[in-house]
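Structure assessment
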Amino acid sequence: MKQHLVERELTIEGPARSRPRRGKRSVTVNLAESALAWLHARGHLTDRHLVAGELLRADWERAQLAPRVTMRWDPVRISGGPEAELTPAERQLAAKTRFDGAIAAAGPGLSDILWRVACAGEAVPSAEKALGWPVRSGKLVLGLALDRVADFYRVR
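Residues numbered from 1 in each chain as written. Predicted model: local features only at pLDDT ≥ 70, side-chain atom pairs only at ≥ 80, totals over all residues. Heavy atoms only, no water.

A word on helix 3 (residues 88-106). The end-to-end C-alpha distance of helix 3 is 27 Å, a good match for the 27 Å that 19 residues give at a rise of 1.5 Å each. Against helix 2 (47-62), helix 4 (111-119) and helix 6 (138-153) lie the buried residues of helix 3. Phi for Gly 107, located one or two positions after helix 3, is positive at around 100°. (Helix = DSSP H or I, 4+ residues; strand = E, 2+ residues; numbered from the N terminus. Expected span 1.5 Å × (residues − 1). Contact = heavy atoms within 4.5 Å.)

Counting across every chain of the model gives 8 salt bridges. Ionic pairing is found between Asp 151 and Arg 48, a salt bridge with its closest N-O pair at 2.4 Å. Here Arg 48 lies in helix 2 and Asp 151 lies in helix 6, a separation of 103 residues in the sequence. With relative accessibility at 51%, the residue Asp 151 sits in the exposed group. The network of salt bridges with shared partners includes Arg 48, Asp 147 and Asp 151. (Salt bridge = Lys/Arg side-chain N within 4 Å of Asp/Glu carboxyl O. Buried < 20%, exposed > 50% of the residue type's maximum accessible area, 1.4 Å probe, protein only.)

Here we come to the nonpolar core. If you look at the biggest cluster of nonpolar residues, it comprises 28 residues, and the most contacted ones within it are Leu 36, Leu 56, Leu 114, Val 117, Leu 142 and Val 149. Elements represented by at least two residues in this core include exactly helix 1 (35-41), helix 2, helix 3, helix 4, helix 5 (124-131) and helix 6. Among residues more than four places away in sequence, those in contact with Val 117 are Ala 35, Leu 36, Glu 122, Val 124, Ala 127 and Leu 142. (Core = buried A, V, L, I, M, F, W, Y, C linked by side-chain atoms within 4.5 Å.)

Limitation: the analysis is restricted to geometry and does not speak to function.
Encoded structure:
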């Protein structure tokens, strides 16, 4: 994975979104690193969890499910693979079907944090806070959700 490193001001709540001011503490942040990759690099997720989460995120991106302000007319660009004979619209629909199946396999109580961390790229503490969960409960629930998604995608 190619790195995209930037300097950010270090605040009480974590790295700020702006460049550091002169004389303030700063930290180098890799913007290309996903929340799942961060958890995996620190031993909180297994290889199986990481692969399942990245497959889910890939289907979410292929299905173009991210919110937009206006209509987009650009096609989904995927070359080769098992869906080579499909049209771009058929690839998008296949990815949406797989994404919906994976979210359904995770279950209603687990899909919230799964989507927030794997697809939206939120940090686990932010997702816990947004969902009104106790601190440090998100990693456990995320692991359970990723186990179910790994079973759906048949990740060994």
